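Analysis of the macromolecular model
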Amino acid sequence: MSTITMKDGTQIYYKDWGKGQPVVFSHGWPLSSDAFEDQMFFLASHGYRCIAHDRRGHGRSSQPWNGNVTTLDLKEAVHVGHSTGGGEVARYIGRHGTKRVAKAVLIGAVPPLMLKTPANPGGLPKDVFDGIRAGVLADRSKFFMDLTLPFYGYNRPNAKVSEGVRQQFWLQGMMAGMPACYFCIKAFSETDQTEDLKKFDVPTLILHGDDDQIVPIADSAMLSARLVKGATLKVYKGGSHGICTTEKDQVNEDLLAFIKG
């Protein structure tokens with residue numbers, strides 16, 4: 001397996017497919033880089049180098065207790081983040097700028113802030129995230145399987161449910177370490193990335209389903225589209241949080257058109 005060893009000794013697994021302009025993928029919680037396999041295979045087949053890592057504590061990366069959240073010398077990279085991974089893209093740009101970044105894509109992404117606060121009245125109350133923590137601690141295997149229903153919109157009338165997709169989500173979730181599963185909930189719900197988004201100065205595409213039950217669109221994509229200068233927002237009508245899977249062909253085409261444009 002391909003890994004990078006960080007300064008604290010943590011090994012980060014990554015996959016590196018294809019050749020060409022680099023496209024870097026950051027996955028959501030509690031998944032792994034496997035969540036982007038449809039997009040990676042598609043873009044690699046169209047002449048791009050696709051790189052995705054398992055966030056520390058997730059997938060095949062090391063599972064340290066602490067530290068949950070340039071080595072490849074990538075330049076002119078397109079950064080694509082889904083859900084929590086969108087927050088990772090935003091924090092990278094907020095912290096390091098866009099010297100090495102050509103474009104950015106946020107898909108069902110959590111920024112600017114999920115938690116309801118006086119300054120963010122449209123956010124979700126802390127009780128929601130306390131419930132997620134409780135579910136992870138009580139029986140995370142069952143919790144992850146149950147989570148697939150709202151995640152992919154499989155709880156909606158006439159939804160076409162794939163048990164294979166549900167099992168794949170469960171498998172990726174169970175590969176994550178317990179500390180990462182628990183501590184990342186605070187990170188993705190309470191991190192305010194308003195200022196990070198204001199630092200974007202590259203072409204940015206925002207994709208979001210208007211029936212996203214995990215990261216509601218009104219307090220995420222709609223706000224991010226106003227904070228990121230010149231951002232392009234595309235709303236997937238009836239789309240769930242898992243549009244990279246349920247609407248993969250359309251997501252793939254939108255990514256390719258944006259990267260080539």
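Residues numbered from 1 in each chain as written. Predicted model: local features only at pLDDT ≥ 70, side-chain atom pairs only at ≥ 80, totals over all residues. Heavy atoms only, no water.

**Points about the pattern of salt bridges**
Overall, the coordinates contain 13 salt bridges when judged by the stated rule. In this structure, Asp16 engages Arg49 in a salt bridge whose closest nitrogen and oxygen atoms are separated by 2.7 Å. Remark: Arg49 occurs in strand β4 (residues 48-53) and Asp16 occurs in strand β2 (residues 11-17); sequence separation between them is 33 residues. Taking the relative accessible area as the measure of exposure, Arg49 reaches 23% and is therefore partly exposed. When the shortest N-O distance is used, the salt bridge between Asp146 and Lys142 registers 2.6 Å. Here Lys142 and Asp146 lie together in helix α3 (residues 126-151), a separation of four residues that amounts to about one turn. Relative accessible area serves as the criterion here: at 49%, Lys142 is assigned to the partly exposed category. If you follow the salt bridges from partner to partner, you end up with Lys126, Asp130 and Arg133 in one network. (Salt bridge = Lys/Arg side-chain N within 4 Å of Asp/Glu carboxyl O. Helix = DSSP H or I, 4+ residues; strand = E, 2+ residues; numbered from the N terminus. Buried < 20%, exposed > 50% of the residue type's maximum accessible area, 1.4 Å probe, protein only.)

**Some words on the sheet that holds strand β6 (residues 101-107)**
The strand order β1-β2-β4-β3-β5-β6-β7-β8 describes an open sheet built from eight strands, whose pairing is mixed. Each of the sheet's edge strands pairs with one partner strand only, and the pair in question is β1 (3-5) and β8 (232-236). Each adjacent strand pair in this sheet contributes to an overall mean axis angle of 20°, direction not counted. In terms of strand pairing, strand β3 (residues 21-26) meets β4 through five bridges, oriented parallel. Paired with Phe25 across the two strands is Ala52, which belongs to β4. On the sheet, helix α2 (residues 84-96) packs against β3, β4, β5 (77-82) and β6 and is oriented at approximately 140° with respect to β5. (Pairing = 2+ DSSP bridges. Axes fitted to C-alpha atoms, helices over the stretch in contact; angles between N-to-C directions. Contact = heavy atoms within 4.5 Å.)

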